[in-house]
Amino acid sequence: MKACRLCPRRCGADRSAARGACGAGAEIRLARAALHMWEEPCISGTRGSGAVFFSGCTLRCAYCQNYDISHRSQGVDISPERFCEILYELKAQGAHNLNLVTADQHLEAIVPILRREKDALALPIVYNCSGYESEEMLRLLDGIVDVYLVDFKYADNALGQRLSGVPDYADVAAAALGAMYRAVGACRFDSAGMMEKGVLIRHLVLPGFRKNSLAVLKTLSEILLIEEIRLSLMSQFTPNGVAKEPGRRLTHFEYESVASCAEKMGFLGYFQAFSSQNAAYTPPFDGKGVTK
Ligand code: SF4
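S.K.: Just checking my understanding: could you explain the overall build of the protein chain for this structure?
M.R.: The number of helices and strands found in the protein chain is nine helices and ten strands. Buried residues in the protein chain amount to 53% of all 292 residues. Long-range contacts, defined here as pairs at least 24 residues apart, represent 71% of the contacts in the protein chain between residues at least 6 apart. Element-wise, carbon and sulfur atoms account for 52% of the exposed surface of the protein chain, whose accessible area totals about 12,100 Å². Mean positive and mean negative side-chain charge positions of the protein chain (33 and 32 charges, respectively) differ by 4 Å.

Below, the structure is given as structure tokens:
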């Protein structure tokens, strides 16, 4: 962890002594580990997804809906042994899968555990991430992850700089999506419709940035076979009270025009109802399931 260069920020922090640009230190830090019903139906199913929310974030978007954990690193430090126990506790609770939410900054600590326990856990591993993953990070995850549940936020590097403070989001994410697809292949579902393998791409339509959303769809159609992935188009943005932009809610026109374009282009997947604009989809980051 000395001079960490794990993620594309490559900030070089000595995490044994200080937190990196992602807010992570030397320990695994979690904000919540519980069954979660608010992912896409093929992830949450009827019993819930075993969601493990990690603290910190390599991207830290201004408008983040999980601000307390991504920017303020709210959470509890745990040992690798406790992390392993948590995975089995979620399995015992009936989780359809294990859903690692924003785990990038903790990869080096959790990958050996996941690799060792994968067969015994016998559940799909869902890697729920920002799209800002380097080649090295995806190589670490090779053979561990079954489903990439990944954001594709911007098709334009300048917008990534403006809203997420990184100069190369569009380029990094496009390369990462290709690598994720090569690693897990086309979407596959079990007889109950639960996703077992594949890439499910989320795109949150941001107020005032409709053209970015249309460009995101175009880029996806150019770099992937859209019939072999699934899209989850989201309208749920709610101003977080901290960021200056976007400072308003999405309009009906903005969302419908992007949704209609996605449909015409042949994307399959999920189109969130326009009425989903509220904070109810953000769980309380109260440490549930983290400590014994
Ligand atoms: S994972 Fe965190 S500490 Fe490591 S390079 Fe990225 S931002 Fe810096």
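S.K.: How do you make sense of the site of the ligand when you look at a structure like this?
M.R.: The local shell around the ligand consists of C4, R5, L6, C7, R10, C11, R15, G20, A21 and C22. Here the ligand occupies the largest cavity. For the shell around the ligand, the residue count by class is six nonpolar, one polar and three charged.

S.K.: Would you take a moment to explain empty space enclosed by the protein for this structure?
M.R.: Regions of empty space are outlined by a rolling probe, equal in size to a water molecule, passed over the atoms. A complete count under the given rule lists one cavity of 30 Å³ or more for this structure. Put simply, the largest cavity is a space of about 100 Å³. Forming the walls of the largest cavity are C4, R5, L6, C7, R9, R10, C11, R15, A21, C22, T58 and Q105.

S.K.: Would you mind showing me how to read helix α6 (residues 157-164) here?
M.R.: Count 3.6 residues to each turn of an α-helix, and residues three or four apart come out pointing the same way. Inspection of α6 places L159, G160, L163 and S164 among the buried residues, and these make up the whole buried set. Looking straight down α6, one finds its buried side chains confined to an arc of 105°; they lie on one side. Where the residues of α6 are buried, they touch α7 (169-184) and α8 (210-223). Its side-chain oxygen placed 3.1 Å from the backbone nitrogen of A158, D156 serves as the N-cap of α6.

S.K.: It is not clear to me how the environment of I226 should be interpreted in this structure. Could you clarify?
M.R.: Here I226 lies in the loop between α8 and β9 (230-234). By relative accessible area, which is 12% here, I226 ends up buried. When sequence neighbours within four positions are dropped, the list of residues in contact with I226 reads L220, S221, M265, G266 and F267.

S.K.: How should the environment of L90 be read in this particular structure?
M.R.: Locating L90 in the fold gives a position in helix α3 (residues 80-92). Since its relative accessible area comes to 1%, L90 is described here as buried. Separated by 38 residues in the primary sequence, L90 and V52 place their C-alpha atoms 9.1 Å from one another. Setting aside anything within four residues of it in sequence, one finds L90 in contact with A33, A34, L35, G50, A51, V52, A95 and L98.

S.K.: I keep staring at the layout of surface pockets and nothing clicks. Help me out?
M.R.: Empty space within the largest pocket amounts to approximately 950 Å³. Contributing elements (two or more residues each) for the lining of the largest pocket: β2 (49-54), α2 (67-70), β5 (125-129), β8 (195-204) and β9. Here the lining of the largest pocket is composed, by residue class, of 21 nonpolar, 15 polar and seven charged. Of the pockets and cavities examined, the second largest pocket occupies roughly 150 Å³. Going through the elements one at a time, α5 (135-141) and α7 are the ones with two or more residues in the lining of the second largest pocket. By residue number, the principal contributor to the lining of the second largest pocket is α7, which donates five residues. A class-by-class count of the residues in the lining of the second largest pocket yields six nonpolar, one polar and five charged.

Here is what the cut-offs are and how they apply
- Counting of residues starts from 1 at the beginning of each chain's written sequence and follows it residue by residue.
- In keeping with the predicted nature of the model, local features appear solely for residues at pLDDT of at least 70, side-chain atom pairs appear and are counted solely at 80 or more, and the whole-chain, interface and lining totals rest on all residues.
- Only hydrogens and water are set aside; all other atoms, that is, all heavy atoms of the structure, feed into the side-chain values.
- Secondary structure elements are taken from DSSP: a helix is a run of H or I of four residues or more, a strand is a run of E of two residues or more, and numbering for both begins at the N terminus.
- Note on exposure labels: buried denotes an accessible area under 20% of the residue type's maximum, exposed denotes more than 50%, and partly exposed covers the range between, all computed with a 1.4 Å probe on protein chains only.
- Any two residues whose heavy atoms approach within 4.5 Å are treated as being in contact.
- With residues, only the protein chains shown are counted as cover, and all accessible areas are computed by Shrake-Rupley using a 1.4 Å probe.
- The convention is simple: Lys and Arg are positive, Asp and Glu are negative, and His and the chain ends are not counted.
- The atom standing in for a charge is NZ when the residue is Lys, CZ when it is Arg, CG when it is Asp and CD when it is Glu.
- Throughout this document, a residue counts as near a molecule or strand when at least one of its heavy atoms sits within 4 Å of that molecule or strand.
- Of the grid points, spaced at 1 Å and generated over the protein atoms alone, those admitting a 1.4 Å probe that cannot get out make up cavities, while open sets with protein on both sides within 12 Å along at least five of seven lines make up pockets; any residue with an atom within 4 Å of a point is treated as lining.
- Each molecule is checked against the cavity or pocket grid, and it sits inside if more than half of its atoms lie within 2 Å of the grid points.
- Each residue is assigned to one of three groups, with Ala, Val, Leu, Ile, Met, Phe, Trp, Tyr, Cys and Pro labelled nonpolar, Asp, Glu, Lys and Arg labelled charged, and all others, Gly among them, labelled polar.
- Grid points are joined across faces, edges and corners, and a volume is the space filled by probe spheres set on the points.
- Directions pointing from the helix axis toward each C-beta atom define the arc.
- Polar contact is the term for a pair of N or O atoms within 3.5 Å; when the atoms are in protein, one must be able to donate a hydrogen and the other to accept it, and sequence-neighboring residues count only if both atoms are side-chain atoms.

Note that all results are geometric; they support no functional claim without further evidence.
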